[in-house]
Amino acid sequence: MHELSLCEALISTVRRQLATRPEYAGRRIKSLKVTIGALSGCEPDLLARMFPHASPGTVAEGAELIVDFQSARVACEACGTERDVAANLLVCPKCGDQGVKLVAGDEVLLTGLTLAEA
Ligand SMILES: [Zn+2]
């Protein structure tokens, strides 16, 4: 995944969100919070490094990007265990069954937005 494009997409999402809230017009963004899954194809460190290159001249100029990492998490259909696992080992850590469902770890989510004081 291209982290710079992803930063631009995140900023674009924020801009669209803010446009629907006239009460926030002109407010600066202090920070953006994103959750990046281990299987998302996005490199969290690279995303954080690219953000300052994507934000100047946008609503997110000067904002801090806070990146939360989400491990791959599976739910076992055989024994019901739900647990974080290594991204390259999608089997149940308890019973070893391969019938697991990925419940987290493939996401790129915008989870928070803090505005500077007006
Ligand atoms: Zn199991």
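Residues numbered from 1 in each chain as written. Predicted model: local features only at pLDDT ≥ 70, side-chain atom pairs only at ≥ 80, totals over all residues. Heavy atoms only, no water.

Moving on to the packing of helix α1 (residues 3-19) against helix α2 (residues 44-54). Between α1 and α2, the shortest axis-to-axis distance is 8 Å and the interhelical angle comes to 60°. Overall, the two elements α1 and α2 adopt an arrangement that is oblique. Like other packed secondary-structure pairs, α1 and α2 cross with a definite hand, here right-handed. In contact with Glu-3, Leu-4, Leu-6, Cys-7, Glu-8 and Ile-11 of α1, α2 contributes Leu-46, Leu-47, Met-50, Phe-51, His-53 and Ala-54. Split by residue class, the contact of α1 with α2 holds nine nonpolar, one polar and two charged. (Axes fitted to C-alpha atoms, helices over the stretch in contact; angles between N-to-C directions. Helix = DSSP H or I, 4+ residues; strand = E, 2+ residues; numbered from the N terminus. Parallel < 35°, antiparallel > 145°, perpendicular 65-115°, else oblique. Left-handed = near helix turned anticlockwise from the far one by under 90°. Contact = heavy atoms within 4.5 Å. Nonpolar A, V, L, I, M, F, W, Y, C, P; charged D, E, K, R; others polar.)

On to α1, then. Over its 17 residues, α1 extends 24 Å from the first C-alpha to the last, a length consistent with the 24 Å expected when each residue adds 1.5 Å. On its buried face, α1 is in contact with β1 (29-37), α2 and β6 (108-115). (Expected span 1.5 Å × (residues − 1).)

Turning to the sheet that holds strand β2 (residues 64-70), a few remarks are in order. One open sheet accounts for three strands, arranged β2-β1-β6; its pairing is mixed. Only two strands of the sheet have a single neighbouring strand rather than two, namely β2 and β6. Between one strand axis and the next, the sheet turns through 20° on average, direction left out of account. Judged from the seven bridges that link them, β1 and β2 form a sheet pairing that is parallel. (Pairing = 2+ DSSP bridges.)

Moving on, we get to the coordination of the zinc ion. Coordination of the zinc ion by the protein comes from Cys-76 (SG), Cys-79 (SG), Cys-92 (SG) and Cys-95 (SG), over a distance range of 2.3 to 2.4 Å. Bound by four donor atoms, the zinc ion shows angles of 107 to 117° at the metal and therefore tetrahedral coordination geometry. The sequence pattern describing where the donors of the zinc ion fall on their chain is C-x2-C-x12-C-x2-C. (Donors = N, O, S within 2.8 Å, 3.2 Å for Na, K, Ca; no water. Tetrahedral: all angles 85-135°; square planar, octahedral: opposite > 155°, others 65-115°.)

With that settled, the discussion passes to α2. Of all the positions in α2, only Pro-44, Leu-47, Phe-51 and Ala-54 are classed as buried. Projected onto a plane normal to the axis of α2, the buried residues spread over an arc of 75° and lie on a single side. For α2, the exposed residues set more than 90 degrees away from the buried face come down to Asp-45, Arg-49 and His-53. Each element contacted by the buried residues of α2 is listed here: α1, β1 and β2. (Buried < 20%, exposed > 50% of the residue type's maximum accessible area, 1.4 Å probe, protein only. Arc of directions from axis to C-beta.)

What holds strands together in a sheet is hydrogen bonding between their backbones, with the strands either parallel or antiparallel. In spatial order, the strands read β4-β3-β5; together these three strands make up an open sheet with antiparallel pairing. In the strand order of this sheet, the two ends are held by β4 (82-85) and β5 (100-104), each with one partner. Sheet twist, expressed as the average angle between the axes of neighbouring strands with direction ignored, equals 40°. In the sheet, strand β3 (residues 72-76) pairs with β5 via four bridges, with the strands oriented antiparallel. The residue of β5 that forms the bridge with Cys-76 is Val-100.

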